[in-house]
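# Residue-level structural notes
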Amino acid sequence: MQKIIVCLKRVVDYNVRIRVKPDGSGVITEGLKMSINPFDEIALEEALRIREQGKAQEVVLVSIGPDDAQQQLRTGLAMGADRAILVQTSAELEPLAAARVLRQIVSREQPGLVLLGKQAIDDDCNQTGQMLAALWNRPQATFASRLELDGTVATVTREVDAGLEVLEVDLPAVVTTDLRLNEPRYVKLPDIMKAKKKPIEILAIESLGVDVAPVLRVIRYEAPAARSRGVMVKNVDELVGALHDRGFLA
Amino acid sequence: MSRVLIVGEHDGRTLNQSTARCVACASAIAPAAMEVVILGGDTTTVAAQAATLAGVTAVLTVTGNDNGRAMAAFLAPQVATLADGYDYVLAPSTTFGKDLLPRVAALLGVPQLSDVMSVIGPRTFQRPIYAGNAIVTVEVPAGTKVVATVRGASFKPAGGGNAAPVRAVDASAPPPEHTRFIELRSGKSDRPDLQTARLVVSGGRGVGSAENFALLYRFAERLGAGVGASRAAVDAGFVPNDMQVGQTGKIIAPELYMAFGISGAIQHLTGIKDAGTIVAVNKDGEAPIFEIADIGLVGDLFEIIPEIEKRLR
Ligand SMILES: Cc1cc2nc3c(=O)[nH]c(=O)nc-3n(C[C@H](O)[C@H](O)[C@H](O)COP(=O)(O)OP(=O)(O)OC[C@H]3O[C@@H](n4cnc5c(N)ncnc54)[C@H](O)[C@@H]3O)c2cc1C
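In this text the structure is predicted, and so the values were computed from the model without any measurement. Each chain carries its own residue numbering, running from 1 in the direction its sequence is written. Note on labels: chains are lettered from A, ligands numbered from 1, in written order. Predicted model: local features are reported for residues with pLDDT of at least 70 only, side-chain atom pairs are reported and counted for 80 or more only, and whole-chain, interface and lining totals are derived from all residues. As a rule here, side-chain values cover all heavy atoms of the structure and leave hydrogens and water aside.

### A closer look at the packing of helix α6 (residues 236–245) of chain A against helix α8 (residues 301–310) of chain B
Remark: α6(A) packs on α8(B), axes separated minimally by 10 Å, with the N-to-C direction vectors making an angle of 55°. One element, α6(A), and the other, α8(B), form an angle in the oblique class. Between α6(A) and α8(B) lies a crossing whose hand is right-handed. For the pair α6(A) and α8(B), contact is made by A:Val236, A:Leu239 and A:Val240 and by B:Ile304, B:Glu307 and B:Ile308, respectively. The residue classification treats Ala, Val, Leu, Ile, Met, Phe, Trp, Tyr, Cys and Pro as nonpolar and Asp, Glu, Lys and Arg as charged. All others, Gly included, are polar. Looking at the contact of α6(A) with α8(B) residue by residue, the class counts come to 5 nonpolar, no polar and 1 charged. Note on method: axes are straight lines fitted to C-alpha atoms, helices fitted across the in-contact stretch only, with angles between N-to-C directions ranging 0 to 180 degrees. Strands here mean DSSP runs of E at least two residues long; helices mean DSSP runs of H or I at least four residues long; both are numbered from the N terminus. When describing relative orientation, an angle under 35 degrees is termed roughly parallel and one over 145 degrees roughly antiparallel, while 65 to 115 degrees is termed roughly perpendicular and anything else oblique. Working rule for handedness: look at the near helix, and if it is turned counterclockwise from the far one by less than a right angle, call the crossing left-handed; if clockwise, right-handed. Two residues form a contact once any of their heavy atoms are found within 4.5 Å.

In structure tokens form, the structure reads like this:
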């Protein structure tokens, strides 16, 4: 395979506790630590391993987002990707719009494999990979915890509610990653220096000629109903008593 | 008047309870027609189960070759064809629905809502974002088909007692040649299913090993409980992936959830916030799980579980 495309989304770091704006117009993201969506980082690690095994020649990153997403692309390049494309937009895209953009990139780049996270930890949608596969009319293997490539076929183990499902798909295909696929490498300082020379191509989203206008109307954001703190019991007798009071273990 | 199509989830023998939860969600929309479609090899048994669900006006069956394999690339074109006559297409927010429905939505050229947790109005819904740290209210404009997955834990399963008509429809398509099902490996157990169990006992990294999990299995058996785990316990290989509870595992709503040796990371808590009563046992009194537990006990799980067992009749 010549090329793997890895999609990276810039998101609020998973360690940050998010808060809703008092006027309900959004969540506060100003000044927060931003990172590569953890699932996408796993997708990138997998692509790099495939290239290191000699089964692909090039790993190309694609991000759709603001100018600042170049930071996450730089991190991805430092991890080992060869080049990057930023489709620039300040708007929040719905997953279908993101999939349409990616479909254009796929036409241009003709990858053998597109790897991306199963969901982004900001909107938690879990849609983009499946939608891209539909628009591209190619196979999808979602929630991958194991990926083996053999020529033009990928064997993918998927984490499903019932256990593990194994699918075989012909390439090109879209694979979305689950957490247990691998553990991403750490970036080393010399790699960060080297990555500075790697190219990031910037495309204005308008230049792709796809419909990315939002369809859904967001009405408001709010904090979830909080569970209140309960009681601390001192010993097992009290615990069992409290459970009996609530009608359990009777 | 609006018409709802619900994609039923099943394993060929049993209708998954997530479907009854979708039906409950759809009832809140108060549609004129609410139909469940069962795609499968032999759909007779499962269709009969779907027909009993309260509020369902018809059950459609699409019986085709190899339809029993729930592959999205195979099912999505069939569901997209059927979707023509409906204003809403719903599926459970399980790995089945999450895999399938976005592919359907893209074929239809409409956006999808993930994890609907409440119905505010016929076209207005709430869903969680940021691992449940925020809730967003979204409206689907008139004239756009509503395609949504339903967060099961937010809806009580629809009741039974109905006898909706079952009819076969023709939407079957040939399986795509580019995708082949190889196998499903499931850790079969006799324990109650995690997603439907009334009681759940759950273990985290603090349990320490696969061998130590035997203590939780034994305790769960005494209680008739299902068994869950944190991601750390799954990653460490103590238990299989299908036991993971949380943002990226199963979202559950048992009446009682007992967490042993689980610290209470936000990604874990998002999977249990609809539980009736949460009990936490952790040797660290500062563990965040105590902030949301209804009953907390600081101590060593290896001493506490046997002590509780002694007090069970
Ligand atoms: C994108 C993303 C998605 C994630 N999705 C999930 C998810 O779906 N589900 C999930 O669970 N996690 C998820 N996580 C991981 C999550 O952040 C935590 O790392 C994980 O939940 C920690 O598991 P734990 O509580 O078992 O382990 P730890 O945090 O290590 O806690 C172990 C606890 O055990 C206690 N303990 C140790 N020994 C004993 C003893 N003998 N008796 C009593 N207590 C003891 C300790 O005090 C400690 O509090 C996700 C993370 C990311 C980044």
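### Focus on empty space enclosed by the protein
Cavities and pockets are found on a 1 Å grid laid over the protein atoms alone: a cavity is a set of points where a 1.4 Å probe fits but cannot escape, a pocket is an open set with protein on both sides within 12 Å along at least five of seven lines, and a lining residue has an atom within 4 Å of such a point. Grid points are joined across faces, edges and corners, and a volume is the space filled by probe spheres set on the points. Evaluated as defined, the whole model comprises 3 cavities of 30 Å³ or more. Looking at the largest cavity, its volume works out to about 170 Å³. Along the wall of the largest cavity there are 16 residues; nearest its centre are A:Glu159, A:Asp161, B:Thr95, B:Thr248 and B:Gly249. Broken down by secondary-structure element, the contributors of at least two residues to the lining of the largest cavity are β8 (153–160) of chain A together with α4 (95–108) of chain B. When the residues that make up the lining of the largest cavity are grouped by side-chain class, the tally is 2 nonpolar, 6 polar and 8 charged. By volume, the second largest cavity is sized at about 50 Å³. Every residue lining the second largest cavity is listed: A:Gln140, A:Ala141, A:Thr142, A:Arg158, A:Glu165, A:Leu167, B:Ala70, B:Met71, B:Ala72, B:Ala73, B:Asp99 and B:Thr179. Of all the secondary-structure elements, those providing two or more residues to the lining of the second largest cavity are β7 (140–150) and β9 (163–170) of chain A together with α3 (72–82) of chain B. Residue contributions to the lining of the second largest cavity peak at 3 residues, all from β7(A).

### Observations regarding the sheet that holds strand β8 (residues 134–139) of chain B
Spatially, 4 strands are ordered β12(A)-β8(B)-β7(B)-β6(B) in an open sheet, and the strand pairing comes out antiparallel. Either end of the sheet is taken by a strand with one partner, and the two such strands are β12 (217–222) of chain A together with β6 (118–121) of chain B. Sheet twist, expressed as the average angle between the axes of neighbouring strands with direction ignored, equals 30°. If DSSP finds at least two bridges between two strands, the strands pair. Relative to β8(B), strand β7 (residues 124–129) of chain B runs antiparallel, the two sharing 6 bridges. Within β8(B), the position partnered with B:Arg127 by the bridge is B:Val136.

### What to know about the nonpolar core
Nonpolar cores were defined as sets of buried Ala, Val, Leu, Ile, Met, Phe, Trp, Tyr and Cys residues, with membership established by side-chain atoms within 4.5 Å. Whether a residue is buried, partly exposed or exposed follows from its accessible area with a 1.4 Å probe, protein chains only, as a fraction of its type maximum: under 20%, in between, or over 50%, in that order. Among the nonpolar cores identified, the biggest contains 55 residues, and A:Ile64, A:Val87, A:Val114, B:Val7, B:Val37 and B:Leu100 are the most heavily contacted of them. Among the elements that take part in this core, helix α3 (residues 95–109) of chain A stands out by supplying 8 residues, more than any other. Other than its neighbours up to four places away in sequence, A:Val114 contacts A:Ile5, A:Cys7, A:Val106, A:Leu132, A:Trp136, A:Ala173, A:Val174 and A:Val175. With 43 residues, the next largest nonpolar core counts B:Leu15, B:Val23, B:Phe125 and B:Ile129 among its residues.

### Notes on the layout of surface pockets
Over the atoms, a rolling probe the size of a water molecule traces out where space has been left empty. Here the largest pocket defines a volume of roughly 1600 Å³. Taken together, 49 residues make up the lining of the largest pocket; nearest its centre are A:Tyr14, A:Pro38, A:Leu179, B:Arg231 and B:Gln267. Elements with a minimum of two residues in the lining of the largest pocket: β3 (34–36), α1 (38–52) and α2 (69–79) of chain A together with α6 (231–235) and α7 (266–269) of chain B. Among the elements that make up the lining of the largest pocket, the one with the highest residue count is α1(A) (4 residues). Of the residues that constitute the lining of the largest pocket, the class distribution is 21 nonpolar, 18 polar and 10 charged. Domain start and stop positions are those given by an automatic or database domain assignment. Two domains each donate at least three residues to the lining of the largest pocket, and these are domain 1 (3–168) and domain 2 (199–312) of chain B.

### Structural notes on the sheet that holds strand β3 (residues 58–63) of chain B
All names here are of chain B. Read across the open sheet, the 7 strands follow the order β5-β9-β4-β1-β2-β3-β10; overall the sheet is parallel. This sheet does not close on itself; its edge strands, each paired only once, are β5 (113–116) and β10 (166–168). Direction aside, neighbouring strands of the sheet carry axes that sit 25° apart on average. Inspection of the sheet shows strand β1 (residues 3–7) paired to strand β4 (residues 88–92) by 3 bridges, in the parallel sense. Across the sheet, the residue bridging to valine 4 is tyrosine 88, located in β4.

### Section: the interface of chain A and chain B
A common way to state how big an interface is: give the accessible area lost once the parts meet. The interface of chain A with chain B comprises 76 residues on the first partner and 87 residues on the second. In this description, buried area is defined as the sum, over both parts, of the accessible area (probe of 1.4 Å) that is lost when the two are combined. For the pair chain A and chain B, the summed buried area comes to about 7200 Å², and 56% of that belongs to carbon and sulfur atoms. Per-residue buried area on chain A facing chain B is highest for A:Asp161, A:Arg180 and A:Arg227; these three make up 12% of the total on that side. When a carboxyl oxygen of Asp or Glu lies within 4 Å of a side-chain nitrogen of Lys or Arg, that pair is called a salt bridge. Seen at the junction of chain A and chain B, the total is 7 salt bridges. A:Asp170 is paired through a salt bridge with B:Arg180; the nearest N and O atoms lie 2.6 Å apart. Counting of polar contacts relies on pairs of N or O atoms within 3.5 Å, with two restrictions inside protein: one atom must be capable of donating a hydrogen and the other of accepting it, and residues adjacent in sequence are counted only when both atoms are side-chain atoms. Seen at the junction of chain A and chain B, the total is 40 residue pairs in polar contact (both at pLDDT 80 or more). Every element with two or more residues in the side of chain A that touches chain B is listed here: α3, α4 (128–136), β7, β8, β9, β12, β13 (231–233) and α6 of chain A. Ranked by the residues each element gives to the side of chain A that touches chain B, the list is headed by β9(A), at 8 residues. The residue makeup of the side of chain A that touches chain B, split by class, is 40 nonpolar, 14 polar and 22 charged. With 3 bridges connecting them, β13(A) and strand β16 (residues 295–298) of chain B associate as parallel partners.

### Overview of the pairing of strand β15 (residues 277–282) of chain B
Residue and element names in this part refer to chain B. Burial within β15 is extensive, with 6 of its 6 residues counted as buried. The alternating pattern of β15 places Thr277, Val279 and Val281 on one face and Ile278, Ala280 and Asn282 on the opposite face, and all of these are buried. With 5 bridges joining them, strand β14 (residues 256–260) and β15 adopt parallel strand pairing. Counterpart to tyrosine 257 in the pairing with β15 is isoleucine 278.

### Focus on the site of the ligand
In this text, near means that some heavy atom of the residue lies within 4 Å of the molecule or strand in question. The local shell around the ligand holds 30 residues, among which B:Arg205, B:Ser230, B:Thr248, B:Ser263 and B:Asn282 are the closest. Those chains with residues close to the ligand are chains A and B. A distance of 2.9 Å separates an oxygen atom of the ligand from a polar atom in the backbone of B:Arg231. Surface accessibility in these figures is a Shrake-Rupley result with a 1.4 Å probe; residues are shielded only by whichever protein chains are displayed. Protein chains shield 85% of the accessible area of the ligand, which is 990 Å² for the free molecule. A cavity or pocket is said to hold a molecule if more than half of that molecule's atoms lie within 2 Å of its grid points. The cavity that encloses the ligand is the largest pocket. Tallied by class, residues from the shell around the ligand come to 11 nonpolar, 14 polar and 5 charged.

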